[in-house]
Amino acid sequence: MSAQHVVKPYILAANGSKLQMKFELKDMIRLKTMLSSNLGSVSAEFTFFTDKYGSKIKLKSRAKLKVLCQRCSAEIEIKVPVASEVLLVKTDAELEKLSDETDAITAGDELSLAELLEDELILAMPMLPKHDLVECQARQYIKDAKAEDTHRPFAKLENIWSN
Ligand SMILES: [Zn+2]
């Protein structure tokens, strides 16, 4: 992880700073195990601000990631949009006091934006990425399987009764 991705989030929030950053996929150790290719990068925009709840970061990113289709095993590129807002708290005790609806993370004086983005991308990844059926190489098998399911059992029944 590159040191330039570590920031002082409370100072940035107090100043209302905005950062644009680029991250290499190969550095995202946990995310890359979910991908079929770790070439390329992801850009993200971080807006730091404060409101009545405390210091917050608004995070926006539109990653294009390569994964294997869970239907035909060929590689596909999927878009994984991230748009989230997280509240920063200093201790786990503070985190526990918050309601479940509040998206919050614990952050000390320093925070790795690479890790924050990676966490959000992992959450945003589809569980079972697939081609649209018209583009999927497995569509022929699916059509055949459906045809078998709907026709064969009845054909057999008809044979029994006609005998
Ligand atoms: Zn497919």
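Numbers given to residues run from 1 along each chain, matching the order in which its sequence is written. Under the rules for a predicted model, residues below a pLDDT of 70 receive no local features and side-chain atom pairs below 80 are neither given nor counted, while totals for whole chains, interfaces and linings still include all residues.

## Quick notes on the confidence of the model for the chain
Part 1: As a per-residue quantity, pLDDT reports the predictor's confidence and falls between 0 and 100. For the chain, per-residue confidence averages 88 on the pLDDT scale, and residues scoring 70 or more make up 85% of the total.
Part 2: By definition, any uninterrupted DSSP run of H or I lasting at least four residues is a helix, any uninterrupted run of E lasting at least two residues is a strand, and each is numbered from the N terminus. Within the chain, no element has a lower average pLDDT than helix H5 (residues 139-162), which sits at 61, and none a higher one than helix H1 (residues 9-15), at 98.

## Details of the nonpolar core
Part 1: Joined through C-beta atoms within 7 Å, a set of buried Ala, Val, Leu, Ile, Met, Phe, Trp, Tyr and Cys residues constitutes a nonpolar core. With C-beta atoms placed from the backbone, a residue is labelled by how many other C-beta atoms lie within 10 Å of its own: buried for 20 or more, exposed for 12 or fewer, partly exposed between the two. Membership of the largest hydrophobic core comes to 23 residues, with the highest contact counts inside it found for Phe-23, Val-42, Leu-113 and Leu-117.
Part 2: Sorting the residues of this core by element identifies strand S3 (41-51), strand S4 (54-68), strand S5 (75-89) and helix H4 (113-124) as the ones contributing at least two each.
Part 3: Looking at this core element by element, the count peaks at five residues for H4.
Part 4: Think of it this way: build a C-beta for each residue from its backbone, and any pair within 7 Å is a contact. Contact partners of Leu-113, with chain neighbours within four places excluded, come to His-5, Val-7, Met-21 and Phe-46.

## Here we look at the sheet that holds strand S6 (residues 104-106)
Part 1: We treat two strands as partners when DSSP finds at least two bridges between them. Pairing is mixed in the open sheet, where five strands are placed in the order S2-S3-S4-S5-S6. For this open sheet the edge positions go to strand S2 (18-24) and S6, each flanked by a neighbour on one side alone. For this sheet, the mean inter-axis angle between neighbouring strands, taken without regard to orientation, is 35°.
Part 2: Relative to S3, S2 is paired through seven bridges, and the arrangement is antiparallel. If you follow Glu-24 over to S3, its bridge partner there is Ser-41.
Part 3: On top of the sheet, H4 reaches S2, S3, S4 and S5; it is set at about 120° to S5, its chief contact. Axis lines are fitted through C-alpha atoms, for helices just across the contact stretch, and the angle between N-to-C directions can take any value from 0 to 180 degrees.

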